[in-house]
Amino acid sequence: MLSESIKIGDRVEIQQTRENDRPRKYLSQVENVLAIDRMVLHVPISYGQLVELSKEDEYRFVFFTEKGIFRFSGNIEDSKEENGFALMIIKIFGEGEKQQRRDFFRLDCILPMKFSKMERESMDAPDDAEVYQGIVKDVGGGGLCFLSNDNLEEEDITKLIIKLDDDVLVAIGEVLHKHYFPKAKYKYQYRVGFIGIRPGEQEKIVQFIFERQKRDLRKMGRTTGEATQT
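Described below are features of the structure shown in this document.

Parameters and conventions
- Residues numbered from 1 in each chain as written.
- Predicted model: local features only at pLDDT ≥ 70, side-chain atom pairs only at ≥ 80, totals over all residues.
- Heavy atoms only, no water.
- Helix = DSSP H or I, 4+ residues; strand = E, 2+ residues; numbered from the N terminus.
- Buried < 20%, exposed > 50% of the residue type's maximum accessible area, 1.4 Å probe, protein only.
- Contact = heavy atoms within 4.5 Å.
- Areas by Shrake-Rupley, 256 points an atom, 1.4 Å probe, with all protein chains shown as cover.
- Pairing = 2+ DSSP bridges.
- Axes fitted to C-alpha atoms, helices over the stretch in contact; angles between N-to-C directions.
- Core = buried A, V, L, I, M, F, W, Y, C linked by side-chain atoms within 4.5 Å.

## Remarks on the overall build of the chain
Broken down by element type, the chain carries one helix and 14 strands. Looking at the chain as a whole, 43% of its 230 residues qualify as buried. Sequence separation of at least 24 residues holds for 58% of the intrachain contacts in the chain that already meet a minimum separation of 6. Accessible surface computed for the chain: about 13200 Å², of which carbon and sulfur atoms make up 45%.

This is the structure we're talking about:
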């Protein structure tokens, strides 16, 4: 059974499955393995706040293990607090299925970035290409969403330079969707899919996401512990 490969510390993506809602994904981590179909996970965090997940709903749990990426359907059976951390007990159903690594989770964030237009034919930026400024809204191994006041068109190719804490990510992406908000601080929102990114650069994103998540979990644990003491 695929779930036998799940270990403490493995990363988990939790996906909502309700058809009437916009799909949401949250990042978590395995705190304990109780049985082949029951695990203890950290309650996910979004924008610095614990996410309340309903026990009435069914979810998809995607586990990133040493032996591969496995997806299961399941639900949340219970929640508890332990050592200042908010935890939940989940039950997974069935045998599960193996996933390809192209399906990455995303991290909500605010990161500075620069971008420039590229020629599709040569996949290179002209020598006089102008460099624009933007703000990353969320990022994952397969792409990102960013805001800017500079105009791109759907299907444009762009070179992206993003500051990831103490590292820098360089990638080539294609604009998949564009939204215009004339009265907003940033008039354009772009969804970009990576089409030119080295595996090492992709791994930078994955590591950045989980370092941010671990930092948030530690911060949330300290806050919860302080509230309990008072």
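Read on, since the account is not over.
## What about unusual backbone geometry?
Note on backbone geometry: most residues besides glycine have negative phi, and most peptide bonds are trans. Unusually for a residue other than glycine, Glu155 sits at a positive phi of about 80 degrees. With respect to the helices and strands, Glu155 occurs in the loop between strand S11 (143–148) and strand S12 (157–164).

## Digging into the environment of Glu31
Turning to its location among the elements, Glu31 is positioned in strand S2 (residues 25–35). With 24 residues separating them in the primary sequence, Glu31 and Lys7 have C-alpha atoms 8.7 Å apart.

## Regarding the pairing of strand S9 (residues 106–118)
Two strands pair when backbone bridges link them, and S9 and strand S10 (residues 132–140) are joined in this way by eight bridges, in the antiparallel orientation. Residue pairing in the sheet places Asp108 in a bridge with Asp138 of S10. In this structure, S9 lies alongside S12, joined through six bridges in antiparallel fashion. Each residue of the ladder has a partner; that of Met113, found in S12, is Ile162.

## Remarks on the sheet that holds strand S8 (residues 85–99)
Two modes of strand pairing occur in sheets, parallel and antiparallel, and in both the strands are linked by backbone hydrogen bonds. Spatially, the six strands close up into a barrel ordered S1-S2-S3-S8-S7-S6, and their pairing is antiparallel. Here the strands of the sheet are splayed against their neighbours by 45 degrees on average, with no regard to which way each runs. The sheet contact formed by strand S3 (residues 38–42) and S8 spans five bridges and is antiparallel. Its bridge partner lying in S8, His42 is registered against Leu87.

## What about the nonpolar core?
With 27 residues, the main nonpolar core has Leu144, Phe146, Leu160 and Ile162 as its most contacted residues. Counting 19 residues, the second-largest nonpolar core is a separate cluster that includes Ile14, Tyr59, Ile76 and Ile90.

Purely spatial values, then, with no claim about function.
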